[in-house]
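Here are the chains, one letter per residue:
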Amino acid sequence: MNRVLAGALAAGALRRTGAVPAVCHRQLHKSAACRRQAGRSSDDYGNARGKHLIKQLAELQIRRAPEDAVPKRSGDTKYTRVTHPMFSEWPHDSKIDADFARVQRQLRLSWFKQNTEVRKRCANFGIDSSTFVEWSDRFAQAAGAEEIETLRAEKLVPLLIRDGREAFGDYIVNQFFAFLGDKAPHVVKNIGYLRRITDLRHPHEWAATTRKVQRRIIMHVGPTNSGKTYHALQRLQQAASGVYCSPLRLLAYEVYDRMTRAGISCSLMTGEDRRLADFSAPGLSPIGMSINGEPVTQIDSCTIEMAPNKPYNVAVIDEIQMIADRQRGWAWTNALLNIPAAEIHLCGEVSAVPIVKQICASLDEEVEVREYARLGALHTSNKALQGDWSKVRRGDCIVSFSRKAIYDIKSTIESKTGLRCAIIYGGLPPEARVEQARLFNDPNSGYDVLVASDAIGMGINLSIKRVIFVELSKFDGGSMRPISVSQTRQIGGRAGRFGSGAEAGEVTTMESKDLKHLALSMAKQPPALAAVGIKPTTEAIETFSHQFPGVPFSQLWPMFRDVATVSPGYFLCSFHEQEKIATLVEHLPLSVRDRYQFIYAPINTRSPIVCSCLAKYAAAVAHGTECLVAQVVKLPPKLPTNRIQLEVFEQWHRAITLFMWLSFHFPETYVELDEAMALKTDCERMITEGLATIRSHKKAEGLSPKAAPGAKDTAEAAGKAETKARIREMLGIKA
Ligand SMILES: Nc1ncnc2c1ncn2[C@@H]1O[C@H](COP(=O)(O)OP(=O)(O)OP(=O)(O)O)[C@@H](O)[C@H]1O
């Protein structure tokens, strides 16, 4: 079958087998002339085609009906089209899946051979065009003949479905270099050495001292609101020394606050904020020892990226399922592998159990699993709101994933129901999110409803009675993707928080068409995690860079990824954001180490203000001068009066927190930490005051309920143009 497929592919005969829809075939063989006519480069074309194929996959997932699939047509018993949201976690266990999957893989391999971006990446290693054609052909043939273990359909298809086109493309290129290293080492100069220095197969060996510690791993798993974190924190509170590792600054601060209030000396370490434990209590000296020499309780609360490698009695790592996150997963892996604590408590979803057990087994460490049931009932309603915003009531949380839609929904609800809405989304500073949550939770604040994005999925205690999903798909930077089962459950599970006064929670959707999918997701366990993220060490990047003198850092980074090797059960975290940052500071004379620091700065490269500030900040390090926050950050003098102006403040806030983050990495350059903190507080005040007064320009009365989110608004467009002009002015960019 595989040979047949491989041959068929080469002969362009896939379509005749009936295995691939005609449209795919046409897409694959569209001529260069067509591309020119469409005004696209061949690269763009490659991407568009990739997108198209992914869409085809979504629409054409023909397989045997699983027990929980939604039948599209009555009487269709043999096959069913399974789309959203099961698509994001497509099981691949039946025969037809495997066959279909092989076809998809062939399509991707074919894409690989034709993609100009791939050719460019190979050219970075000195592979010329004809050599590429020869060896990519052999590679595709070997894969088609199932000769390459790592390219078997069972492995590739979940990867494609779960992680998307970009990660999949990276994986194929990486496997191509592995193939060359094996079969044609002469094609790439020094390939053996390059693969040795990019060998990341043994991450547990990076912390040799931890391996000497006898560790006990305890996993607290269960659905949201089941008391997992509560139990782990109870244990931490009793420990003589310990650390809490949080996915969010907000949560790290909450634990710091909780410990300090309980009279336990606790320090806080986040990227932007460091607070030492208060040893001013009588009998305690500043080094953490009581006067008679007995050690005192010392707890550290930190964000996961800051997890220190120092000995503790107890370490708590929260939201362990994030270990599989494509961007940040490495931080959880580092914490799990490296913290030398006698007891490690992991809190999170049950989906993380198998992979954690697998990793710990390789370390000869046993895992004890404690499962918890949800505290308080949660049910999925069998009725949607059917687009009727007047049905929104007190205690509801409306969930949408676009910032603009959130403001529009707020405006619509306020005008249609007279209820007042608080709002929470990822772009708001954590302090403003806490304030909005407080307003929503406080029955006397005058706020009744919450309109929020998935930012509520973690870390904020909310007294929500009912969660209403306006949509179940989210833009992931490249395309709209259904949110995963895990995300849906995490967000939906916010309804009926234990101890919030709303013990029985309800989940529903705005539109009836989404209700079935919501019910499926809420009833389903997220699938077991397949792999955990890692990132290369600075030393590995440094050694690699010496092999390519003169090659820009932004290019070095993907080159490293192309040849690196990781063990099964691990993946290299996405570098795409890092590549963008590397490009921003490319022109500056920075050392490899300094560049490495900058590219892991926690910034959103879609924010023009933050990007511009980063370049200015980095210039100070490169030129050895001091950088004063006031020289770079220029807060607008007036309060924001619309959401576009508010966005400018949000961006400035991120620029200030970036300054604070850098001040811990380059203390001699960024010296005005106190001034930065004052500016940050000022910015937060203006955002909070702005939020209280902002109303959409739109007359929501006249809008149809469905049109409310995402509707065009000319006043806002004018506001946007004005704000853009202001941003340009502030950044000194000519129009
Ligand atoms: N045994 C308990 N006694 C008192 N309060 C509890 C208990 N268990 C949990 N809680 C409270 O219930 C709420 C939910 O608990 P917790 O945050 O530990 O749940 P979780 O399973 O970690 O949920 P999530 O994953 O959503 O954070 C918290 O406010 C917590 O303090």
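Sequence positions are assigned chain by chain, starting from 1 and proceeding in written order. Per-residue local features of the predicted model are confined to residues with pLDDT of at least 70, and side-chain atom pairs are confined, for both listing and counting, to 80 or more; whole-chain, interface and lining totals are unaffected and use all residues. Side-chain figures throughout are based on the complete set of non-hydrogen atoms in the structure, without hydrogens or water.

Under the annotation held in an unreviewed UniProt entry, the protein carries the name RNA helicase and is attributed to Kickxella alabastrina.

Chemist: What is the right way to read the packing of helix 24 (residues 608-623) against helix 26 (residues 643-665) from this model?
Modeler: Describing two packed helices takes the angle between their axes plus the distance from one axis to the other. Interaxial angle, 0 to 180 degrees, is taken between N-to-C directions of lines fitted to C-alpha atoms, where a helix line uses only the stretch in contact. The helix and strand labels rest on DSSP assignments: H or I over at least four residues marks a helix, E over at least two residues marks a strand, and numbering proceeds from the N terminus. Remark: helix 24 packs on helix 26, axes separated minimally by 8 Å, with the N-to-C direction vectors making an angle of 30 degrees. Classified by the angle their axes make, helix 24 and helix 26 are roughly parallel. In the crossing of helix 24 with helix 26, the sense of the turn from one axis to the other is right-handed. Contact with helix 24, carried on its side by P608, I609, V610, C613, L614 and Y617, involves V648, Q651, W652, R654, A655, I656, L658, F659 and L662 of helix 26 and no other residues of that element. When residues are grouped by polarity, Ala, Val, Leu, Ile, Met, Phe, Trp, Tyr, Cys and Pro land in nonpolar, Asp, Glu, Lys and Arg in charged, and all others, Gly among them, in polar. A breakdown of the residues in the contact of helix 24 with helix 26 according to their chemical character gives 13 nonpolar, one polar and one charged. Working rule for angles: under 35 degrees goes down as roughly parallel, over 145 as roughly antiparallel, 65 to 115 as roughly perpendicular, anything else as oblique. Two helices that cross are described as forming a left-handed crossing if the nearer one is turned anticlockwise from the farther one by less than a right angle, and a right-handed crossing if clockwise. Two residues form a contact once any of their heavy atoms are found within 4.5 Å.

Chemist: What exactly am I supposed to notice about the pattern of salt bridges here?
Modeler: Two side chains carrying opposite charge are able to pair once their charged atoms lie near each other. Take a side-chain nitrogen of Lys or Arg and a carboxyl oxygen of Asp or Glu: if they are within 4 Å of each other, that pair is a salt bridge. Scanning the entire structure with this criterion turns up 35 salt bridges. Ionic pairing is found between E343 and R235, a salt bridge with its closest N-O pair at 2.9 Å. Of this pair, E343 sits in strand 10 (residues 341-348) while R235 sits in helix 12 (residues 228-238); the two residues are 108 residues apart in sequence, bridging distant segments of the chain. Here E343 falls in the buried class, since its relative accessible area comes to 12%. Whether a residue is buried, partly exposed or exposed follows from its accessible area with a 1.4 Å probe, protein chains only, as a fraction of its type maximum: under 20%, in between, or over 50%, in that order. For R235, a relative accessible area of 27% gives the class partly exposed. Measuring nitrogen to oxygen at the nearest pair gives 2.9 Å for the salt bridge that ties R261 to D257. Of this pair, R261 and D257 both sit in helix 13 (residues 249-261), separated by four residues, roughly a single helical turn. Here R261 falls in the exposed class, since its relative accessible area comes to 69%.

Chemist: Please explain the packing of aromatic side chains as it appears in this structure.
Modeler: Two descriptors summarise a pair of aromatic rings, namely the distance from one centre to the other and the angle between the planes of the rings. Here a pair means two rings of Phe, Tyr or Trp (six-membered ring of Trp) with centres within 6.5 Å. Their orientation is stacked below 30 degrees between planes, edge-to-face above 60, and tilted elsewhere. Within the structure shown, the criterion is met by 22 aromatic pairs. Centroid distance W557 to F575: 4.9 Å. Interplanar angle 50 degrees. Geometry classified as tilted. Residue W557 is located in helix 21 (residues 553-563), and its partner F575 is located in the loop between strand 22 (570-572) and helix 22 (576-584); the two are separated by 18 residues in the primary sequence. Note on W557: relative accessible area 1%, which makes it buried. With relative accessibility at 0%, the residue F575 sits in the buried group.

Chemist: Explain helix 12 to me, please; I cannot follow it from the model alone.
Modeler: Residues that lie three or four places apart on an α-helix share one face, since the helix turns once every 3.6 residues. Considered for burial, the residues of helix 12 that qualify are K228, A232, L233 and L236. Looking down the long axis of helix 12, one finds its buried residues gathered within 110 degrees of arc, a one-sided arrangement. Where helix 12 is buried, its residues meet strand 4 (216-221), strand 5 (241-246), helix 13, strand 8 (298-303), strand 9 (312-317) and strand 10. Picture the helix axis, draw a direction to every C-beta atom, and the arc is the one those directions span.

Chemist: Would you explain the site of the ligand in this entry?
Modeler: Taken together, P223, T224, N225, S226, G227, K228, T229, Y230, L375, R494, R497 and F498 form the complete shell of residues around the ligand. Each polar contact in these results corresponds to two N or O atoms within 3.5 Å; when the atoms are within protein, one needs to be able to donate a hydrogen and the other to accept it, and residues that are neighboring in sequence are counted only if both atoms are side-chain atoms. S226 is positioned such that a nitrogen or oxygen atom in its backbone is 2.9 Å from an oxygen atom of the ligand. Contact between the ligand and R497: an oxygen atom at 2.9 Å from a side-chain N or O atom of the residue. Per-residue accessibility takes into account occlusion by the displayed protein chains alone, with areas from the Shrake-Rupley method and a 1.4 Å probe. Alone, the ligand offers 620 Å² of accessible surface; in the complex the protein occludes 74% of this. Here the shell around the ligand is composed, by residue class, of four nonpolar, five polar and three charged. Residue ranges for the domains originate in an automatic or database domain assignment. Built from parts of two domains, the shell around the ligand gets at least three residues from each of domain 2 (203-371) and domain 3 (378-523). Note on definitions. A residue lies near a molecule or strand when any single heavy atom of the residue is within 4 Å of it.

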